[in-house]
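Report on the structure
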Amino acid sequence: MVSAKVVGAGAFVVVGLLLFTVALFFIGERRMLFTDRFPVYTEFASLGQLEMGAVVRVAGASAGEVTEIRVPTSPGGKFRVKMEVREDLHQLIRVDSVAVTQTEGLVGALFINIQTGSEAQPQVPEGGTIPSREPFAIADLLQQASDTAALVKETVEALRGDIETAVSQVALTAEDAHGLLQDIRPDITAMAKNGTRISDNTQQLVARINAGEGTIGKLINDDTLYVRARELADQSKEVMAQSKEVMANVKAVSDEARRAISDFRSKDGPAQGLFGDMRLALLQAREATSDMADNMEAMKHNFLLRGFFNKRGYFDLDAISPDEYRKGVLENGKRKAMRTWLSAAVLFEPGPEGTEVLSQDGRARLDSAMATYLKYIPSNPIVVEGYATTGTTGERFSQGRIRAGIVREYLLGRYELGPSNTGFISLGNDAQGSPSDDKWDGVAIALFLESAALQFVEVAK
Amino acid sequence: MYARVGAAILAALAEVGEVSLFGLRALREALLPPYEFGEVIRHVYEIGWKSAPLIALSGFAIGIVLSMHTRASLERFGAEAMIPAGLAIALIRETGPLVTGLLVSGRVGAGIGAELGAMKVTEQIDALEASAVDSFKYLAVTRIIACIIAMPMLTLIMDFCGIVGGYLAESTISGMSWQLYFQRAFSLVEFNDFIPATMKTAVFGMIIGTIASYLGFSTTQGTEGVGRTSTRSVVLASMMIIVSNVVLVKLIFFLFPATG
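Residues numbered from 1 in each chain as written. Chains lettered and ligands numbered in written order. Predicted model: local features only at pLDDT ≥ 70, side-chain atom pairs only at ≥ 80, totals over all residues. Heavy atoms only, no water.

**Remarks on the overall build of chain B**
- Scanning chain B for helices and strands turns up 9 helices and 0 strands.
- In chain B, the succession of α and β elements from N to C terminus is α-α-α-α-α-α-α-α-α.
- Scored against the burial criterion, the 260 residues of chain B give a buried share of 45%. (Helix = DSSP H or I, 4+ residues; strand = E, 2+ residues; numbered from the N terminus. Buried < 20%, exposed > 50% of the residue type's maximum accessible area, 1.4 Å probe, protein only.)

Below you can see the structure in the form of structure tokens.
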């Protein structure tokens, strides 16, 4: 009878040996010790922590292990790595298959992955060598990431510089636009004045023609001149059309200028080129209106019309020079000048940037002075004379013109006077007949009253 | 005071020397006839077979606990797939052998020390000698050899049960199949991990058997001495296992570099 203790001891040993065998089998199976394998080689300049026993995969499938690593004989040589690969995967490994070292996950062990070759290439022979790709190190990846981050930072900084430059240019463009508006303001003012002149002149001509006065009236009964009269009428009509066309052009130019300014204000607006175009357009418009004004001026001197102006005594109040004015071109033996002398201290008060503006008292004095004249206008012309006593001759002339202009603008707006009958002129400090010994600092409102209607006008001081 | 310290040191050194000589003598006697196979088998049964349930249960529990700890650590990195391999490596390389040695030293070392100590104080050993029986070879060598044989076996049981316990824990959580689990468990285990770690437990068995037998043979002062021998056997054997493990691991790394 066998002892139970002996059986137990035997069972214990058998179980232990069995477990040992099972463990050996598991490990051996993983290392494919019980599978047919064939050797294949590859070479790496750098192993990158590749070790003996490292797993070998073929297209991701577990295929074998590294069984030998031969050290190169010279610094320029490569490590020769021997791999034992499952025979059943042999047909996937071609002579152009590439061995690549990869990492199991981010921190796992290094293994060799053999990529399957192309169909056209033959199988790699036993003991053959396949090409390799150098190991990819995390450190290299981090270095590349660092380089990329530096590049991004550099790009961002460069872009920031560009943005600052763009903002600066936008600011400069806004300043240019502002400057342009300041520059073109006189042009627009001049255009408006020319347009007003044209309109006034045209109105005068048409009114006289419609009234049949002067030579035109005679033409109505003169059959021989009928044709010429028709031609004149046609010319007048053409002038009107041209006037409309000019006004339309002015309006178009104005719209174009408005659009151009709007473009300038937009962030995508053009810069210097449009400035030039706008200035050119404004210059051309100014020339056009000026030419039109000249044409109208010429018509006024036409033999058919000049009789009216000669009778009136002047063609254009603005065209009279100070010298002609002093010689009495407006009086011409038919009119008598009646002046109201108003000192600058009464009329003006200091304005912004050293200029003068009409004061409240000054307006009241002007209204008081005009109260006497209102019943004589518009059939009798009014001229605002500007005087100044300080500065050089040029400065006195300029100051006088500014003062006269301010007063004339006020009168035109306040009493709706006709610009053709309300002139202004600067006479420097030469104020003949003034209350202060032929010198005057201020303005004088001169009403050129026809002798027949002349009566006493009290002079305000 | 210095004299007492010096005397204690000398006594400790003398005891270490006696234990070492005891162990060397046991190895030499094991190789010389007559061979006590029957006694060896009986002790393998007593030491190995009867310890197997304790070791299996402990291994199973350790496997479950290790699996849970490993999962808690690896899932932070999204490396749950590494749980079986990590658990197997930990069990096979270190946890299995060391825990097995400590458990055996507790159960078997105390038993051997108490048994031989009782025989000593009751003069049964003297009676064997009087009967012309080599008490050292009959009582000590057979137990030491049985410990050397049983320890690797018990370690294998511990490893196996630990991996099974880990599988049960893992399959409960992730539903992993046992084929995939065992494939992954052994995916990183090399022969150099398995064989040296398992074989070093034979040294643990040698240490347990030698210390317990020596203390049993040295027992004095009656039953009180028997209890003291039992306690000292467990303490000394456990301590020596832990200390020797340091040396053995370093030795394994030296002899099998790939395991480092």
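**Overview of the overall build of chain A**
- Assigned secondary structure in chain A consists of 10 helices and 14 strands.
- For chain A, the share of sequence-separated contacts (at least 6 apart) that also reach a separation of at least 24 residues comes to 70%.
- Accessible surface computed for chain A: about 26,200 Å², of which carbon and sulfur atoms make up 55%. (Contact = heavy atoms within 4.5 Å. Areas by Shrake-Rupley, 256 points an atom, 1.4 Å probe, with all protein chains shown as cover.)

**Remarks on the sheet that holds strand E13 (residues 422-426) of chain A**
Residues and elements named next belong to chain A.
- Taken together, 4 strands build an open sheet; the order of strands is E9-E14-E12-E13 and the sheet is mixed. Of all strands in the sheet, those bounded by a partner on one side alone are strand E9 (335-343) and E13. The mean inter-strand angle of the sheet, taken between neighbouring strand axes irrespective of direction, is 20 degrees.
- Contacts between helix H9 (residues 360-373) and the sheet are confined to E9, strand E12 (382-387) and strand E14 (442-450), with E9 contributing the most and set at about 165 degrees to the helix.
- Where helix H10 (residues 393-415) meets the sheet, its contacts fall on E12, E13 and E14, and the angle it forms with E13 comes to roughly 165 degrees. (Pairing = 2+ DSSP bridges. Axes fitted to C-alpha atoms, helices over the stretch in contact; angles between N-to-C directions.)

**Things to note about empty space enclosed by the protein**
Residues and elements named next belong to chain A.
- Applying the stated criterion to the full structure yields 1 cavity of 30 Å³ or more.
- If you add up the space inside the largest cavity, you get close to 60 Å³.
- Taken together, 10 residues form the lining of the largest cavity, with Thr202, Leu205, Val206, Ser236 and Val239 sitting closest to its centre.
- Only helix H2 (138-211), helix H4 (226-265) and helix H5 (272-300) provide two or more residues apiece to the lining of the largest cavity.
- Counting residues per element, the lining of the largest cavity draws most heavily on H2, at 4 residues.
- When the residues that make up the lining of the largest cavity are grouped by side-chain class, the tally is 8 nonpolar, 2 polar and no charged. (1 Å grid on protein atoms, 1.4 Å probe; cavity = no way out; pocket = protein on both sides within 12 Å on 5 of 7 lines; lining within 4 Å. Points joined across faces, edges and corners; volume = space filled by probe spheres on them. Nonpolar A, V, L, I, M, F, W, Y, C, P; charged D, E, K, R; others polar.)

**Re helix H9 (residues 222-255) of chain B**
All names here are of chain B.
- The first and last C-alpha atoms of H9 sit 46 Å apart over 34 residues, in line with the 50 Å expected at 1.5 Å per residue.
- Roughly 25 degrees is the biggest bend found in H9, and it falls at Asn245.
- Residues of H9 that are buried include every one of Gly225, Val226, Thr229, Ser230, Ser233, Ala237, Ser238, Ile241, Ser244, Asn245, Leu248 and Ile252, and no others.
- Turning to H9, the residues buried within the fold contact helix H4 (83-121) and helix H8 (191-217). (Expected span 1.5 Å × (residues − 1). Bend = angle between axes of the 7 residues up to and from the residue.)

**Description of the interface of chain A and chain B**
- Taken together, the contact pairs 22 residues of chain A with 24 residues of chain B.
- Taken together, both faces of the contact between chain A and chain B bury some 2,100 Å²; the carbon and sulfur share is 85%.
- Summed over the shared surface of chain A and chain B, the number is 0 salt bridges.
- Counting across the interface, chain A meets chain B through 0 residue pairs in polar contact (both at pLDDT 80 or more). (Buried area = accessible area lost by both parts, 1.4 Å probe. Salt bridge = Lys/Arg side-chain N within 4 Å of Asp/Glu carboxyl O. Polar contact = N/O pair within 3.5 Å; in protein donor to acceptor, adjacent residues only side chain to side chain.)

**So, helix H6 (residues 135-174) of chain B**
All names here are of chain B.
- Here H6 spans 56 Å end to end across 40 residues, near enough to the 58 Å set by a 1.5 Å rise per residue.
- Of all the bends in H6, the greatest measures close to 30 degrees and is centred on Val141.
- Of all the 40 residues making up H6, 29 are buried; the element is thus mostly covered by neighbouring parts of the structure.
- The backbone nitrogen of Phe136 has a side-chain oxygen 3.3 Å away, supplied by the residue at the start of H6, namely Asp134.

**Comments concerning the environment of Phe37(B)**
- Tracing the backbone shows Phe37(B) in helix H2 (residues 37-47).
- Remark: the alpha-carbon pair of Phe37(B) and Ala146(B), spanning 109 residues in sequence, is separated by 9.9 Å.

**Points about a nonpolar patch on the surface**
- A cluster of nonpolar side chains, Met1(B), Val5(B), Ile9(B), Leu10(B) and Leu13(B), forms an exposed patch at the surface whose accessible area comes to about 550 Å².
- With respect to the helices, strands and loops of the structure, Leu13(B) is situated in helix H1 (residues 2-31). (Patch = residues over 30% accessible without salt bridge, like charges linked within 9 Å, V, L, I, M, F, W, Y side chains within 5 Å.)

**Looking at the pairing of strand E1 (residues 37-44) of chain A**
Residue and element names in this part refer to chain A.
- Two elements, E1 and strand E4 (residues 79-86), share 8 bridges in a ladder whose sense is antiparallel. Bridging across to E4, Tyr41 finds its partner in Lys82.
- Of the pairings in the sheet, the one linking E1 to strand E7 (residues 129-130) comprises 2 bridges and is parallel in character. Residue pairing in the sheet places Tyr41 in a bridge with Thr129 of E7.

**Describing the pairing of strand E6 (residues 110-114) of chain A**
Residues and elements named next belong to chain A.
- Counting buried positions along E6 yields 5 of 5 residues, so the element is predominantly enclosed.
- Pairing analysis gives 3 bridges linking strand E2 (residues 55-58) to E6, with the strands arranged parallel. From the neighbouring strand, Val58 faces E6, where its bridge partner is Ile114.
- Here 5 bridges tie strand E5 (residues 99-103) to E6, and the two strands are oriented antiparallel to one another.

**Description of the sheet that holds E4(A)**
- Strand order in the open sheet formed by 8 strands is E7-E1-E4-E3-E2-E6-E5-E8 (chain A), and the pairing between neighbours is mixed. At either margin of the open sheet sits one strand with a lone partner, and together these are E7 and strand E8 (132-133) of chain A.

**A look at the side chain of Thr422(A)**
- Relative to the helices and strands, Thr422(A) is located in strand E13.
- The residues contacting Thr422(A), other than those within four sequence positions of it, are Leu317(A), Ile382(A), Arg408(A), Leu412(A) and Leu417(A).

**Considering the nonpolar core**
- Grouped together as the largest cluster of nonpolar side chains are 63 residues, with contacts concentrated most on Leu154(B), Ile157(B), Ile163(B), Phe186(B) and Phe194(B).
- In terms of residue count, the dominant contributor to this core is H6(B) (17 residues). (Core = buried A, V, L, I, M, F, W, Y, C linked by side-chain atoms within 4.5 Å.)

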